[in-house]
Amino acid sequence: LGAKHAQHIAAYGEGNELRLTGKFETASMDEFSYGVANRGCSVRIGRETEADGCGYLEDRRPSSNCDPYIVTGMVMETCMGPKAPEIKASNKDLA
């Protein structure tokens, strides 16, 4: 995620320059960071995730006005790569 930080910030909604200042439990939009149970990082890893060696992470960079489909697609492609296997819906009527 850090290698493509600038690309992600550009697509993560408007007004991030006002919100992601590095103050008030936000990371600076100019620098990528991550940490365990650290709300001041770009990406927060939960304590249980670290302890279990698997789980979730929280990307704290997207703004509330972002397009969640664009953000999810970018995170998935960045983490899994462009050749990631297609994940098919288990119930095509609901897809």
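Scroll up for the structure.
Residues numbered from 1 in each chain as written. Predicted model: local features only at pLDDT ≥ 70, side-chain atom pairs only at ≥ 80, totals over all residues. Heavy atoms only, no water.

## A short note on the side chain of Ser42
Then step 1. Inspection of the secondary structure puts Ser42 in the loop between strand 1 (34–36) and strand 2 (43–45).
Then step 2. Setting aside anything within four residues of it in sequence, one finds Ser42 in contact with His5, Ala27, Glu31, Phe32, Ser33, Glu58, Asp59, Arg60 and Arg61. (Helix = DSSP H or I, 4+ residues; strand = E, 2+ residues; numbered from the N terminus. Contact = heavy atoms within 4.5 Å.)

## Focus: unusual backbone geometry
Then step 1. Phi is positive for Phe24, which is not a glycine, with a value near 55 degrees.
Then step 2. Tracing the chain through its elements places Phe24 in the loop between helix 2 (16–19) and strand 1.
Then step 3. A relative accessible area of 76% means that Phe24 is categorised as exposed. (Buried < 20%, exposed > 50% of the residue type's maximum accessible area, 1.4 Å probe, protein only.)

## Comments concerning the state of the cysteines
Then step 1. Counting across every chain of the model gives zero disulfides.
Then step 2. Summary of cysteine pairing: Cys41 is not part of a disulfide, and the nearest cysteine sulfur, belonging to Cys79, is at 16 Å.
Then step 3. In this model Cys54 remains outside any disulfide bridge; the closest cysteine sulfur is found in Cys79, 15 Å from its own.
Then step 4. For Cys54, a relative accessible area of 52% translates into the label exposed. (Disulfide = S-S within 2.5 Å.)

## Overview of the packing of aromatic side chains
Then step 1. Across all of its chains, the model carries one aromatic pair by this definition.
Then step 2. Between Phe32 and Tyr34 the ring centres are 6.4 Å apart and the planes differ by 35 degrees, which places this aromatic pair in the tilted class.
Then step 3. A residue is classified by how much of its surface remains accessible, and Phe32, at 24% relative accessible area, is partly exposed. (Phe/Tyr/Trp six-rings, centres within 6.5 Å; stacked < 30°, edge-to-face > 60°.)

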